[in-house]
Amino acid sequence: MRPVTEHDIRTSFVNCSKGEAKRLDLPKDLADHPWDDLDFLGWRDPGAPERAYLVVERDGLLVGIALRVTAGGSRRFTSRSMCSLCLTTHTGGGVALMTARRTGEAGRQGDSVGRYLCVDLACSLYSRGKKEAAGAGVVDESLTPEEKVARTRANLRSFLDKVVA
Ligand SMILES: [Zn+2]
């Protein structure tokens, strides 16, 4: 994705209040992010671990989605769970259920969409092989990094389509 500024991010949110978008903690060192390797910018709020954010380009517009981390997943080392975007398998709580309030009337009625996502929201790096999941075993996958990136983007797109009315 192309590099974005603090202003871009704060004005991109579609499913939280303007006040929340103004106050939320942004990732540090925005200028140093590996933008070329990112399909989206995702981060956990350091001051509020139950909050996570995801900013992505959709049809040429920047769309920010506020997420609630509603379950930390199992912490048992032996249990595995899979991210619904990049399909990376993690052990020991590396995946969490994150829920986004839908936009528009559906959101006002309290409707939301939940997905199991990598807790560090580094799906872009996992699909490119630039980061490895802790405790990951041999994964039986024959896809190239390019194919994995395309798959992650398609999964993200379908998630956004459900959140944005
Ligand atoms: Zn992921």
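Look up: the structure comes first, before these words.
Residues numbered from 1 in each chain as written. Predicted model: local features only at pLDDT ≥ 70, side-chain atom pairs only at ≥ 80, totals over all residues. Heavy atoms only, no water.

A. Looking closely at the coordination of the zinc ion. The coordination sphere of the zinc ion, as far as protein atoms go, consists of Cys83 (SG), Cys86 (SG), Cys118 (SG) and Cys123 (SG), spread over 2.3 Å. Each donor residue of the zinc ion lies on the same chain, and together they follow the pattern C-x2-C-x31-C-x4-C. The exposure class of Cys118 is buried, given its relative accessible area of 0%. For Cys123, a relative accessible area of 0% corresponds to the buried category. (Donors = N, O, S within 2.8 Å, 3.2 Å for Na, K, Ca; no water. Buried < 20%, exposed > 50% of the residue type's maximum accessible area, 1.4 Å probe, protein only.)

B. Expanded view of the nonpolar core. Core analysis: the biggest nonpolar cluster contains 46 residues, and Ile9, Phe13, Leu41, Trp43, Ile65 and Leu67 have the highest contact counts within it. Going through the elements one at a time, strand E1 (41-45), strand E2 (48-58), strand E3 (61-71), strand E6 (95-101), strand E7 (112-118), helix H4 (123-127) and helix H5 (145-163) are the ones with two or more residues in this core. It is E3 that contributes the most residues to this core, six residues altogether. Residues contacting Leu41, with those up to four places away along its chain left out, are Met1, Val4, Ile9, Pro27, Leu30, His33, Trp35, Tyr53, Leu54 and Val55. (Core = buried A, V, L, I, M, F, W, Y, C linked by side-chain atoms within 4.5 Å. Helix = DSSP H or I, 4+ residues; strand = E, 2+ residues; numbered from the N terminus. Contact = heavy atoms within 4.5 Å.)

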